[in-house]
Structure formats: structure tokens, C-alpha cells
Amino acid sequence: MKALLLTTACAVTVSGTAMAENIGVSMALFDDNFLTVLRNGMQEHAASLDGVTIQIDDAQNDVGKQLNQIENFVASGVDAIIVNPVDTDATIAMSAAAQNAGIPMVFVNRQPVNLDSLPEKQAFVASDEKESGTLETQEICRLLKEQGKTEARAVVLMGELSNQAARMRTQDIKDVLATPECGFITIVQEQTANWSRTQGADLVSNWLSAGTEFDAVISNNDEMAIGAIQALKSAGRPMDDVVIGGIDATQDALAAMKAGDLDVTVFQDAAGQGHGAVDTALKLARGETVEQKVYVPFQLVTPENLDEFLSRN
């Protein structure tokens, strides 16, 4: 089924209804800046709809806990379930639990491994990861060329490898660097920092201590990029020496860009994904037809257009 493209956070709308509807939501992790915006987007949108209640549970990055939450939602008879998966390879079992109970399910933000074989009454709302790492790396390539680099070295900070987004974003980086335009950039280190600012800082500190030289940090998300910035500053490296990119355009990332530390990020509309997930879940619960893949576009953020994104995410 072809993907439906959402151009704004309000592109999918569900009118209020007098009928009470309950949605159970299992989030991979509450303690994550981007996922907090996503969660808040769902809560705020559900609160604006008559008769809709939403219960959001924290899986605390534990696959077993998330599966238990889904089973509890099934047992309590919710009208729909939204899942932000801890491990995108575990989504087959989640799909089966909802399908067997006849309860609609919507995966949000993280692409389920069974995306192309989702049962009826199940859907996926997110942004197309093919755009994310591609936009980030192309802009980093442009900036390095602008500096006059004909040979450049990059380090890559990867998210959790159990997440499809981390794998896709890393592949995007490699695809861009394989093009003639950006082939002058060589990856000298790549390692997972699990989406974490602290782990990103530790990893970059270790590379610096080991004498690794690099001209760019290409991070799968903003949190790890901010960690890299902290490590570079602690080591006394001038920020002008290194081009740093992330993804998500969180408020902390935009503040880092405004301060001149972060060079590139990519806006992922967390609130828009949250709205879309709630609306899609309600449509499925009401027996309406929806597209199985609902995409909210990524947008490149640079110091030049930063102000457009300061009030978002």
C-alpha cells in the first residue's frame, strides 16, 4: 500500500465524538528528549478530542516490559494500542497480540520489522528515515567542501542497533559518502552510543584520547551530537575545527546551534507524529480505512533557517 505523506502536524484530523474511546500507549522510554515531545504531542492531541482517553506507559527500554504492557492493554479492552517499540525486531509478537485480540495497533516513530506484512487494522506513523541521514550527511559534505577540504575524516555516532532508525540513518551516511560528490570523506570510527548524550561524550572523549583525528561528527541523533560537543570542548578543541551534525532538532540541539556549536540537524516532527498516531488509531478503532504507512517529512535545519524551528519540538 502506498505511503501517505503528511505535510503538517494537523494533516490528519479526527473530529471529536460523544463515544468514549480509550487508547493504550507503550513508549520505549520516557527519559528521552525527542520521545518526550512525541509523548506530549499524543497527550495534548487526545486531550483536545471529546471522549478520548489515553494511558501512556513507560517500557523503560525493556522489551519484556513492553510486551507485558501490550498484554495488559489487551486484557483491559482498550479500543486501540499505540506502540513506540523498544526493539523494532520484536514487533511481530506485538502485532500478533493485537491481531488475536481484534484491537487496532499503530506503531509510531520506530519502523516495525514487519512493516510490509502488517495485518489489517495496523499502521505505521513516522518519518521516512531515508531522508534523515541523507539530508544531514549531504549538508555536512557541503560544509566541508565550503571549508576547502579535499580530504576529510568523519566519525559516526550510531543509535541503538536494535532500532531500525539507527541502522537506516547509518546506511544513509554511507550511501552519501559513496557518491562522487562526497567521496572525499572517509569514516575513521563508527560506534554506537545508544542515542545517549553521556555515551556520546564518553565515546568521543575516548577517540580524542586515542589520538583519532577527525573533521566531522555525523551523529544519528542530536543527543549524541551534543555529547560530542561536550567532549570536544572538554578537550579544548575549537568548535570551528569540526563540523557536527545530528538529527531531530530538539530544543537542546537548536540552542547548541544558536550558540554556534552544532552545524546541522534535521527536524523530525515529533508532535506531528504523535497527532498522526492518535488520529490513525482512532480511525482504525472506528472501522475507517487508513493508509498503512503515514509519513511526516523531515526538514533540514541550519543556522540560516534556525528561527523557523525554535517554537517546534
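Residues numbered from 1 in each chain as written. Predicted model: local features only at pLDDT ≥ 70, side-chain atom pairs only at ≥ 80, totals over all residues. Heavy atoms only, no water.

## Things to note about the side chain of R110
Defined as follows: Helix numbering and strand numbering both begin at the N terminus, where a helix is a DSSP run of H or I of at least 4 residues and a strand a DSSP run of E of at least 2. Note on classification: 1.4 Å probe, protein chains only; a residue is buried when its accessible area is under 20% of the maximum for its type, exposed when over 50%, partly exposed between these limits. Here the positive residues are Lys and Arg and the negative ones are Asp and Glu; neither His nor the chain ends is included. Think of a salt bridge as a Lys or Arg side-chain nitrogen and an Asp or Glu carboxyl oxygen that are within 4 Å of each other. Side-chain atoms alone can form a polar contact between residues adjacent in sequence; in general such a contact is a pair of N or O atoms within 3.5 Å, and within protein one must be able to donate a hydrogen while the other accepts it. We call two residues in contact whenever any of their non-hydrogen atoms come within 4.5 Å of each other.
With respect to the helices and strands, R110 occurs in the loop between strand 5 (105-108) and strand 6 (122-126). One buried charged residue, R110, remains without a salt bridge, the closest side chain of opposite sign being E160 at 4.9 Å. Looking at R110, its side chain comes within polar contact range of the main-chain oxygen of P85, at 3.0 Å. Non-local contacts of R110, meaning those with residues more than four positions away in its chain, are made with A28, L35, N84, P85, V86, T88, F124, N163 and W195.

## Some thoughts on the pairing of strand 3 (residues 52-58)
Here is the rule: Following DSSP output, two strands are said to pair if at least two bridges run between them. If you view a crossover with the strands going away from you and the path from the first strand over the helix to the second runs clockwise, you call it right-handed.
Taken together, the 7 bridges between strand 2 (residues 21-27) and strand 3 define a ladder with parallel strand orientation. Paired with V25 across the two strands is I56, which belongs to strand 3. In terms of handedness, the path from strand 2 via helix 1 (residues 33-47) over to strand 3 forms a crossover that is right-handed.

## Things to note about empty space enclosed by the protein
Formally: Here a cavity means grid points, on a 1 Å grid over the protein atoms only, where a 1.4 Å probe fits yet cannot get out; a pocket means an open set of points with protein on both sides within 12 Å along at least five of seven lines; lining residues are those with an atom within 4 Å of a point. Grid points are joined across faces, edges and corners, and a volume is the space filled by probe spheres set on the points. Each residue is assigned to one class: nonpolar for Ala, Val, Leu, Ile, Met, Phe, Trp, Tyr, Cys and Pro, charged for Asp, Glu, Lys and Arg, and polar for all the others, Gly among them.
Taken as a whole and assessed by the stated rule, the structure comprises 2 cavities of 30 Å³ or more. Here the largest cavity is characterised by a volume of approximately 140 Å³. Around the largest cavity, the lining comprises 13 residues; the ones closest to its centre are F34, N109, R110, W195 and D248. Of all elements in the fold, only helix 1 and helix 5 (164-177) reach the threshold of two or more residues within the lining of the largest cavity. For the lining of the largest cavity, the residue count by class is 4 nonpolar, 4 polar and 5 charged.

## What about the sheet that holds strand 7 (residues 152-158)?
For clarity, the cut-off: As a rule, the C-alpha atoms of each element are fitted with a line to give its axis, helices using only the stretch in contact, and angles between N-to-C directions run from 0 to 180 degrees.
The strand order across the open sheet built from 4 strands is 8-7-9-10, with neighbouring strands paired in parallel fashion. Edge positions in the sheet fall to strand 8 (185-192) and strand 10 (243-245), since each of these pairs with one other strand and no more. The sheet shows a mean angle of 15° between the axes of neighbouring strands, direction not considered. By the bridge criterion, 7 bridges tie strand 7 to strand 8 in an arrangement that is parallel. Each bridged residue has a counterpart across the sheet, and for V155 the counterpart in strand 8 is Q189. Of the strands in this sheet, strand 7, strand 8, strand 9 (216-219) and strand 10 touch helix 4 (residues 129-146), which is tilted by about 170° from strand 9. In the packing of helix 7 (residues 222-234) onto the sheet, contacts are made with strand 7, strand 9 and strand 10, and the angle to strand 10 comes to roughly 150°.

## Considerations on helix 4
Using the following cut-off: Multiplying 1.5 Å by the helix residue count minus one yields the expected span of that helix.
Taking 1.5 Å as the rise per residue, helix 4 with 18 residues should run 26 Å; its terminal C-alpha atoms sit 26 Å apart, in good agreement. Where helix 4 is concerned, the buried positions are E129, S132, G133, T134, E136, T137, E139, I140, C141, L143 and L144. At the C-terminal side of helix 4, G148 shows a positive phi close to 85°.

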